[in-house]
Amino acid sequence: MNKKDIAQIRKQFKIDNDLLKISNIFNVYIMKETSEIYHHQSQPFEMLDQDQQELFMNNFKKLLAGHLDEKLFELKFQRDAENSSQLILHQGLLSHDVDGWKEQMLQIVEKMLKNRQYEMDIVITFIRGEYLKPTKRRSEESEESDRDTVYSHPFILCSINNTQEPKKELLFDYVEREFKYSFVVDPIINLNTPIAGFLFPCFTDHAADVNHILYSAGKVHEPDHQFIEEVLNGEETMTAKDDKIVFEEIIKDVTGDQLNTSTLSNVYEEINLMIQENEEEEQPKLDSTDVQRVLKMSGLEDISTEKVESAFKKIIDDDKYELKASSILPKFTSKSIKINTKIANISISPQDLRYVKQVNLNNKRYLMIEVEEDTVIEGFTMIPEAFGVESGE
């Protein structure tokens, strides 16, 4: 799934939307002390009152919020996994009766609870529904509605939520004119911040992909690898942060950790160009050959295939590994690059990095920034000085 596919299905989670039909909701309450099911309940989603539906819809939207490879991860299922979650979920998707679907979902719950101790009671919510996507946009001249022909996508979504201890409060009773201690025994289910979840299957444009599952982490750059591998049976994944670190280490190894700002700026521009050229297609990835080409196009000459492949092998133990371009490129139009020194911290965008240079003069290092306008500090316009000459000389 790309960010457009995710955004499309995410915005469907609203009440009275004829493009999203949720048939059943299944809630499972887990006790932290025993890691066992305390209670479970299934009912038609339409039987919930409107306020409850709204709470769950917001929960599902938050589950699908975030950037790919940062909070959301498209995972490929492991082949020949024992007690395969892919098979369990697929059977649940195809089940014609509620009891059959619940049985499959309880198998997923059992896998979640195996060798896992949660810090709080948790509630695991499953829904199954149908996502309807129009085959084409409605033309203003056409009398045909964009709802006349749609693609039908059955899906299962799971959201895992913590519970919170109820608040102990002191109240004032206006009628009796006295202070009262209030304590609610029932725990509060925190639907505002899902701690994990998934969507099955993945959707790419108009097609369902049962070989992939969309996993949602509770925190950015912190996927639960145990959950991914043992519960979902997904293949090992790398975050965007991981990819960025690997890329930086590979570049350091290839260049001997010697890179000027002009060359680094060219590297980022080449990668940004790759992303722009493939904007409507699958996001581009860089293998060792692509990295070699980018470095050569950026002005580095002594870059051989053997040197780059050796760096891939050394850093990630795989000379065929592919780095996602969007993960390794700092946000191109924002001040996403941080330059930290003892004197000052500076933020700059990748496209403006070319205007920054480190220079040596009289055995001293200087950070030089080329500017087109006068520099104003605390309301004072700075007077240009000859480089390397102290003011007043």
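The structure under discussion appears in the preceding block.
What you are looking at is a predicted structure, and each value in this text was computed from that prediction instead of being measured. (Residues numbered from 1 in each chain as written. Predicted model: local features only at pLDDT ≥ 70, side-chain atom pairs only at ≥ 80, totals over all residues. Heavy atoms only, no water.)

**So, the side chain of glutamine 104**
Logical step 1: Mapped onto the secondary structure, glutamine 104 falls in helix H4 (residues 98-113).
Logical step 2: Setting aside anything within four residues of it in sequence, one finds glutamine 104 in contact with Ile88, Gln91 and Gly92. (Helix = DSSP H or I, 4+ residues; strand = E, 2+ residues; numbered from the N terminus. Contact = heavy atoms within 4.5 Å.)

**Thoughts on the environment of tyrosine 355**
Logical step 1: Inspection of the secondary structure assignment puts tyrosine 355 in the loop between strand S16 (345-348) and strand S17 (356-361).
Logical step 2: Judged by its relative accessible area of 30%, tyrosine 355 falls in the partly exposed class.
Logical step 3: Distance in space between the C-alpha atoms of tyrosine 355 and methionine 368 is 8.1 Å, their sequence separation being 13 residues.
Logical step 4: What tyrosine 355 contacts, discounting residues up to four positions off in sequence, is Met368, Ile369 and Glu370. (Buried < 20%, exposed > 50% of the residue type's maximum accessible area, 1.4 Å probe, protein only.)

**Remarks on the side chain of glutamate 70**
Logical step 1: Within the secondary structure, glutamate 70 sits in the loop between helix H2 (50-63) and strand S3 (72-76).
Logical step 2: Lysine 331 provides the closest opposite charge to the buried, salt-bridge-free glutamate 70, at an N-O distance of 4.6 Å.
Logical step 3: Apart from residues no more than four positions distant in its own chain, glutamate 70 is found in contact with Lys219, Val220, His221, Glu222 and Ala240. (Lys, Arg positive; Asp, Glu negative; His and termini not counted. Salt bridge = Lys/Arg side-chain N within 4 Å of Asp/Glu carboxyl O.)

**With respect to the packing of helix H3 (residues 85-94) against H4**
Logical step 1: Axis separation between H3 and H4 bottoms out at 8 Å; the angle between their running directions is 155°. As far as their axial angle goes, H4 and H3 are roughly antiparallel. Helix-helix and strand crossings are classified by hand; for H3 and H4 the assignment is left-handed. Contacts between H3 and H4 involve Ser85, Ile88, Leu89, Gln91 and Gly92 on the former and, on the latter, Trp101, Gln104, Met105, Gln107, Ile108 and Lys111.
Logical step 2: When grouped by side-chain class, the residues that make up the contact of H3 with H4 number five nonpolar, five polar and one charged. (Axes fitted to C-alpha atoms, helices over the stretch in contact; angles between N-to-C directions. Parallel < 35°, antiparallel > 145°, perpendicular 65-115°, else oblique. Left-handed = near helix turned anticlockwise from the far one by under 90°. Nonpolar A, V, L, I, M, F, W, Y, C, P; charged D, E, K, R; others polar.)

**Here we look at the pattern of salt bridges**
Logical step 1: Here the structure, examined in full by the defined rule, presents ten salt bridges.
Logical step 2: Where lysine 244 meets glutamate 248, a salt bridge forms, and the shortest distance between an N and an O atom there is 2.6 Å. Of this pair, lysine 244 and glutamate 248 both sit in helix H6 (residues 240-255), four residues apart, which is roughly one turn of that helix.

**Notes on the nonpolar core**
Logical step 1: Counting residues in hydrophobic clusters, the biggest one holds 33 residues, and the most contacted among them are Met112, Ile124, Phe126 and Phe198.
Logical step 2: Considering every element that reaches this core, the biggest residue donor is H4, with seven residues.
Logical step 3: By size, the runner-up hydrophobic cluster in this structure holds 29 residues, among which are Ile251, Leu286, Tyr321 and Leu353. (Core = buried A, V, L, I, M, F, W, Y, C linked by side-chain atoms within 4.5 Å.)

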